[in-house]
Amino acid sequence: MNQISSDRPILLEPNSQHSDNFSLLQMVDLIAETFGIHIKAQYQDRLKKNLLTRIRALGLCSLNEYYQFLVARNQLVPGATEWQELISLLTVTETYFFRDQGQMWLLKNQLLPELIERKRELSLTQYNAAGNGEFYRPTLRLWSAGCSTGEEAYSLAILVKELIPDNQTWDILILGTDINQRAIALAQQGIYSDWSFRTTTPEIKDRYFRSHKKGWKIDPAIQAMVTFQPGNLMQDNYPAYASSIYDFDLIICRNVFIYFDFNAIAQVIDKFYCSLTPGGFLLTGHTELQGQKTEPFQVKNFLQSAVYQRHPSLDEQSKALNTITPAAIESRETEISYPSLPSLETGFDVSANTQTLLDTAKESLIQEAYADVIQIAQQLIAVAPQHFQAYCLMAEAYANFGNYSQANQACQQALQISPLAIEPYHLLAQIAEEQGDSDSAKLFLKRIIYLAPNSVTAHLELGSIYEREGNEKQAQKTWRSLLEILENLPQQAIDSHNQQTPAELKAHVLKHLNSTSYEP
């Protein structure tokens, strides 16, 4: 490729403003057609700024030249170098292990156990039908679509490891795909900073990760369970047998569709439906399919999340097994139900001391017994209607169930009781981030900093949001404020929302300060 000299200035033509606006809209359309990513109007100036960095790097002169470069040189293929450079500017790789505790609870306690039981029974049925003593290995196929740097796919592998102790006797595929090849390379390395473990229990971290000079490295046995490969949800055809993308028991695609336009989402969920095995599940981010036509799926509504199931096809299953009758399959179909809540009459003694109830609720939260937490909190409120901590516990339990509407309501009730408390704002910020509402998240975090200027977690989250948005000036300002706070903190003192030491956090903040280019 013959690059033009990088000293050549970007042209300012007589109609440059009109020309740039037109070329920017062309780029917005091209990005949407190629990747499904919809750049909203309020973010197009930021896109233009990012594109200018690539224009200068290539020695080009205008947005139009850059657009023509992508199209004329046939760059629209998954591995094209310039598209990968652009993808790195467009996509967010911020994620962490066991993200969304409600959905993780649902996977661990409902969906995966159901799939595992179903596959064990299928293997046994095949063994009995064959009659030759040959063992049929159970299969399990899971796909993390839009896996970023791999935390979600490895979280699935850890769950499978714990739920299937004899997993060596299974044929298990856990696939992670992402359009960002740099993210895929990091996922394959399996090395993570402390920031990726912010909702991970110390027990899980100690069991499945080893200390590494660059952070923490995934256990080799877990790493071997996961396959990573590039994938473009918009352009690739699915099912894709050459890429092993077919007949999945579970597809997880979370916090991906928030960047897609309506039609792109519809196209991708059709591909997902065809890539699921009959009876397989699709799990997306909360509200990401709102307004979409989901009729091909059976919608299963849990407290933690909606789940979309491909209709079990008796004809397809009978054809695959050849020896199993539709009646036999139907008798084994399991209908998913809501987790049962403890009875008010038998669960807990309402007349018990409120402190005892509060301690029980806190312990239940640690044990992830979220239905119990809600039940106890309701009893506390019945005894003491202005019980601030009861509303906070209820809000956290609802949030872990993925019921963000009820969690928000409980947070607001807590704030009515104690308007200057920061705990509800922490949860409200987390919920807003999960729902892709960064503006609300920033607002809640700024309120925390106003009320508690030395809040480490609020500064961390706010700086991360600014950095993801490309707002380097505000990110640097937030990181420097946090660094000053950390310099004055005792070694063991960090607020209750963060488990890292000041030294570990200083290293994290300095890394971010050095990675951004803004100079005050």
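Located above this text is the structure these notes cover.
Summarised in this report is the structure supplied together with it. Given the structure is predicted, the values throughout are model-derived calculations rather than measurements. (Residues numbered from 1 in each chain as written. Predicted model: local features only at pLDDT ≥ 70, side-chain atom pairs only at ≥ 80, totals over all residues. Heavy atoms only, no water.)

The next point concerns helix α7 (residues 181-189). Those residues of α7 that sit buried are Ala 183, Ile 184 and Ala 187. Seen from one end, α7 has its buried residues packed into an arc of 100°, which puts them on one side. Buried-residue contacts for α7 involve α6 (151-163), β2 (171-178), β3 (191-192) and β6 (226-230). A side-chain oxygen of the first residue of α7 lies 3.0 Å from the backbone nitrogen of Arg 182; this N-cap is Asn 180. Residue Gly 190 follows α7 closely and has a positive phi angle near 70°. (Buried < 20%, exposed > 50% of the residue type's maximum accessible area, 1.4 Å probe, protein only. Helix = DSSP H or I, 4+ residues; strand = E, 2+ residues; numbered from the N terminus. Arc of directions from axis to C-beta. Contact = heavy atoms within 4.5 Å. Polar contact = N/O pair within 3.5 Å; in protein donor to acceptor, adjacent residues only side chain to side chain.)

In this section: the packing of helix α15 (residues 388-400) against helix α16 (residues 404-417). At a minimum axis separation of 8 Å, α15 and α16 run at an interaxial angle of 165°. Accordingly, the angle class assigned to the pair α15 and α16 is roughly antiparallel. Of the two elements, α15 crosses α16, and the hand of that crossing is left-handed. Contacts between α15 and α16 involve Phe 388, Tyr 391, Cys 392, Met 394, Ala 395, Tyr 398 and Ala 399 from the first element and Tyr 404, Gln 406, Ala 407, Ala 410, Cys 411, Gln 413, Ala 414 and Ile 417 from the second. Partitioning the contact of α15 with α16 into residue classes produces 13 nonpolar, 2 polar and no charged. (Axes fitted to C-alpha atoms, helices over the stretch in contact; angles between N-to-C directions. Parallel < 35°, antiparallel > 145°, perpendicular 65-115°, else oblique. Left-handed = near helix turned anticlockwise from the far one by under 90°. Nonpolar A, V, L, I, M, F, W, Y, C, P; charged D, E, K, R; others polar.)

Moving on to the side chain of Gln 229. Locating Gln 229 in the fold gives a position in strand β6. In this structure Gln 229 comes out as buried when scored by relative accessible area, which is 19%. In terms of polar contacts, Gln 229 uses its side chain to reach the backbone carbonyl oxygen of Ser 243, at 3.2 Å. Setting aside residues no more than four positions away along its own chain, Gln 229 makes contact with Leu 175, Gly 176, Thr 177, Asp 178, Ile 184, Ser 243 and Ile 245.

With mixed pairing, the 7 strands of this open sheet are ordered in space as β6-β2-β1-β7-β8-β10-β9. Bordering the open sheet on either side are β6 and β9 (297-301), each of which pairs with just one other strand. Across the sheet, the mean angle separating the axes of adjacent strands is 20° when strand polarity is ignored. Two elements, strand β1 (residues 139-145) and strand β7 (residues 248-253), share 3 bridges in a ladder whose sense is parallel. When the bridges of β7 are listed, Ser 144 appears paired with Ile 252. In the packing of α7 onto the sheet, contacts are made with β2 and β6, and the angle to β6 comes to roughly 160°. In the packing of helix α10 (residues 262-275) onto the sheet, contacts are made with β1, β7, β8 (276-284), β9 and β10 (306-310), and the angle to β8 comes to roughly 140°. (Pairing = 2+ DSSP bridges.)

The subject of this paragraph is the pairing of β7. Within β7, 6 of the 6 residues are buried, which leaves it mostly tucked inside the rest of the structure. Taken together, the 5 bridges between β7 and β8 define a ladder with parallel strand orientation. In the strand pairing of β8, Leu 250 is matched with Phe 281. Taking the sense of rotation as the criterion, the β-α-β connection linking β7, α10 and β8 turns out right-handed. (Right-handed = clockwise from strand over helix to strand, strands pointing away.)

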